[in-house]
Amino acid sequence: MLRPEIFFPLLAAVGLWGCQQQQLPSTTSGKVRVECDESVFPVLKLLKEDFERTYKDASVDIRSAEARSAIADFIDDSVRVIVCARSFNAEERAVIKAAGIEYQEYKIALDAVAVIGHRDNALKQLRVGQLDSIFSGSVTRWPGKPKSTIEIAVGGANTSINEVFRNVILKGRPFSPSAIPF
């Protein structure tokens, strides 16, 4: 049997040791690694810098990646936070569901697609139907300029902008074979 003069100091020591505050990560402290879709990386990098200036105990390791690569890393559990300019597509959702991965998805902003034309082109606006015709390759010349071939540059196949543009403008059809990825 333990004597009271030994038991109570031992109990107090264990109690004090158990009550020591541990530095647990929170939303304003700790470290996190984030993979960010390259199309929104510049904006997220600025937000990261501002966040770390405000919260000195926070460290955000942000890396630029193509959307498909970031999502694959998330599914493989090599990164726990990703930022993409699009939601998961049907194929990705099926893989996530089959793997039993629980996640939370937040829409934090809406983005836009800029279509840039040459400054010598007099065309001031394009309708969505015209964009569809141009980017699918069914229209290859500018109206009123029969000798002026339309050159198309698109984001790489694994970028979010490529997938969003194909789904929204081309309704799932591929880009023209003459489209040049950048």
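Cut-offs applied
- Residues numbered from 1 in each chain as written.
- Predicted model: local features only at pLDDT ≥ 70, side-chain atom pairs only at ≥ 80, totals over all residues.
- Heavy atoms only, no water.
- pLDDT = per-residue confidence, 0-100.
- Helix = DSSP H or I, 4+ residues; strand = E, 2+ residues; numbered from the N terminus.
- Contact = heavy atoms within 4.5 Å.
- Pairing = 2+ DSSP bridges.
- Right-handed = clockwise from strand over helix to strand, strands pointing away.
- Core = buried A, V, L, I, M, F, W, Y, C linked by side-chain atoms within 4.5 Å.
- Buried < 20%, exposed > 50% of the residue type's maximum accessible area, 1.4 Å probe, protein only.
- 1 Å grid on protein atoms, 1.4 Å probe; cavity = no way out; pocket = protein on both sides within 12 Å on 5 of 7 lines; lining within 4 Å.
- Points joined across faces, edges and corners; volume = space filled by probe spheres on them.
- Nonpolar A, V, L, I, M, F, W, Y, C, P; charged D, E, K, R; others polar.
- Salt bridge = Lys/Arg side-chain N within 4 Å of Asp/Glu carboxyl O.

## Topic: the confidence of the model for the protein chain
- Scored by pLDDT, the protein chain has a mean of 82; 85% of the residues are at 70 or more.
- The least confident element of the protein chain is helix H1 (residues 4-19), whose mean pLDDT is 45; the most confident is helix H4 (residues 90-99), at 94.
- Counting interchain partners and residues more than four positions distant, the pLDDT-below-50 stretch residues 1-19 has 2 contacts.

## Some thoughts on the pairing of strand E2 (residues 58-65)
- Relative to E2, strand E1 (residues 30-37) runs parallel, the two being bridged by 8 bridges. Within E2, the position partnered with Val34 by the bridge is Ile62.
- Of the crossover connections in this fold, the one passing from E1 over helix H2 (residues 41-54) to the parallel E2 is right-handed.

## Points about the nonpolar core
- With 12 residues, the main nonpolar core is built from Leu131, Ile134, Phe135, Trp142, Ile150, Ile152, Val154, Phe165, Ile169, Leu170, Phe175 and Ala179.
- Ranked by residues supplied to this core, first place goes to helix H5 (residues 128-136) with 3 residues.
- Membership of the second largest hydrophobic core comes to 8 residues, among which are Ala70, Ile71, Ile82 and Ile96.

## Points about the layout of surface pockets
- For the largest pocket, the calculated volume is near 1600 Å³.
- Val81, Ile82, Val83, Tyr106 and Ile108 are, among the 38 residues lining the largest pocket, the residues nearest its centre.
- Of all the secondary structure elements, the ones that give two or more residues to the lining of the largest pocket are E1, H2, E2, helix H3 (67-75) and strand E3 (81-83).
- A per-element tally of the lining of the largest pocket places H2 first, with 5 residues.
- Of the residues belonging to the lining of the largest pocket, the class tally is 25 nonpolar, 3 polar and 10 charged.
- Taken together, 34 residues make up the lining of the second largest pocket; nearest its centre are Ala114, Val115, Ile116, Phe135 and Ala153.
- Going through the elements one at a time, H5, strand E5 (145-149), strand E6 (153-154) and helix H6 (160-168) are the ones with two or more residues in the lining of the second largest pocket.

## Section: the pattern of salt bridges
- The final tally for this structure, using the stated rule, is 10 salt bridges.
- A salt bridge links Arg86 to Glu92; the shortest N-O distance between them is 2.8 Å.
- Since its relative accessible area comes to 12%, Arg86 is described here as buried.
- Given the relative accessible area of 4%, Glu92 is considered buried.
- A salt bridge links Asp132 to Arg173; the shortest N-O distance between them is 2.7 Å. Here Asp132 is found in helix H5, whereas its partner Arg173 is found in the loop between H6 and strand E7 (180-181), with 41 residues between them in sequence.
- The network of salt bridges with common partners includes Arg68, Arg86, Glu91, Glu92 and Glu163.

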